[in-house]
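# A structural walkthrough
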Amino acid sequence: MAARPGLRLPGAWDPFETGCRAILGQQVSVQAAIRLAGKLVAAFGTPLAEPAGSLTHVFPTPPQLAEADVALALNMPRARGAAIRALAAAALADSDLFDPAGTLEEAVLRFTAIRGIGPWTAQYIAMRALKLPDALPVGDVGLLRALETATGRPSAAALLARAEAWRPFKGLRGPAPMGRR
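None of the values given here were measured: they were computed from a predicted structure. (Residues numbered from 1 in each chain as written. Predicted model: local features only at pLDDT ≥ 70, side-chain atom pairs only at ≥ 80, totals over all residues. Heavy atoms only, no water.)

### Let's talk about the overall build of the protein
As a reminder, the rule being used: Here a helix means four or more residues in a row that DSSP labels H or I, a strand means two or more in a row labelled E, and each is numbered from the N terminus. Exposed residues in this analysis have more than 50% of their type's maximum accessible area, buried residues have under 20%, and partly exposed residues fall in between, with area computed by a 1.4 Å probe over protein chains only. Any two residues whose heavy atoms approach within 4.5 Å at even a single point are treated as in contact.
On a plain count of helices and strands, the protein comes out with ten helices and two strands. For the protein, the N- to C-terminal ordering of α and β elements is α-α-β-β-α-α-α-α-α-α-α-α. Split into buried and exposed, the 181 residues of the protein put 42% on the buried side. Sequence-distant contacts in the protein: of pairs separated by 6 or more residues, those separated by 24 or more amount to 54%.

### So, helix H5 (residues 78-93)
Note: α-helices contain 3.6 residues per turn, so residues at a spacing of three or four share the same orientation. How we decide: The span you would expect from a helix comes to 1.5 Å times its residue count less one.
In a regular helix each residue adds 1.5 Å, so 16 residues correspond to 22 Å; H5 covers 22 Å between its end C-alpha atoms and thus fits that length. All of the buried residues along H5 are Arg80, Gly81, Ala83, Ile84, Leu87, Ala88, Ala90 and Ala91. Contact partners of the buried residues in H5: helix H1 (15-24), helix H2 (30-44), helix H3 (62-65) and helix H4 (70-74).

### Quick look at the packing of H1 against helix H7 (residues 119-128)
Any two packed helices are characterised by how steeply their axes cross, that is the angle between the axes, and by the distance between the axes. Stated precisely, the cut-off is as follows: Axis geometry follows a simple rule: fit a line to the C-alpha atoms, using only the stretch in contact for helices, then measure angles between N-to-C directions, giving values from 0 to 180 degrees. It is the rotation of the near helix from the far one that decides the hand of a crossing: anticlockwise by less than a right angle makes it left-handed, clockwise makes it right-handed. Polar here means any residue other than Ala, Val, Leu, Ile, Met, Phe, Trp, Tyr, Cys and Pro, which are nonpolar, and Asp, Glu, Lys and Arg, which are charged; Gly is therefore polar.
Their axes nearest at 9 Å, the elements H1 and H7 cross at an angle of 145 degrees. In this structure, H1 crosses over H7, and the sense of that crossing is right-handed. Here Thr18, Gly19, Ala22 and Ile23 of H1 come into contact with H7, specifically with Trp120, Thr121, Tyr124, Ile125 and Arg128. A breakdown of the residues in the contact of H1 with H7 according to their chemical character gives five nonpolar, three polar and one charged.

### Considering the nonpolar core
Just so we agree on the cut-off: The set of buried Ala, Val, Leu, Ile, Met, Phe, Trp, Tyr and Cys residues whose side-chain atoms join them within 4.5 Å is what this entry labels a nonpolar core.
The biggest cluster of nonpolar side chains holds 43 residues, and the ones touching the most others in it are Phe16, Leu65, Val70, Leu87, Phe98 and Phe111. Where this core is concerned, the elements lending two or more residues are H1, H2, H4, H5, helix H6 (104-112) and H7. Leave out the neighbours within four places in its chain, and Leu65 touches Phe16, Cys20, Leu40, Phe44, Pro60, Val70, Ile84, Arg85 and Ala88. Of all hydrophobic cores here, the second largest spans eight residues; its members include Val138, Leu159, Ala163 and Trp166.

See the structure below:
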């Protein structure tokens, strides 16, 4: 940290969008997640009065997604569509959902309490949306692939053990922002 003062996690403009993108990115490639996000925006976002190039819609809001049949519109697993609806409903029910958490553990518990959000997604949201520097989605395939050596990829448990040396800034050493893996 001393060699790179001011280093910080890449954050997110819209925490709800980041949460939705994290859900869309579950168990698919980065490119597939980007395509799904584009379809989500086209299907449920608000069209811009004056499109600017390829920017034609605003990302959907929680009220627009709380009852949306995301899985049908995006031709994706129903559970993932339900998770986006659950995140939207949670955001509507709790205006403080994306506010800073006291601890990483509190943030992870907050998000894993939402149906369809597991530890990887909760850690990703904590890292990008809440900007918690010690968050690290240790099961991230891109991260595990990047750390592969001649003896193979580390397990999530091995990565977690290795990352202990990076505390309290595991997220600064972890995965690149979605789309840059």
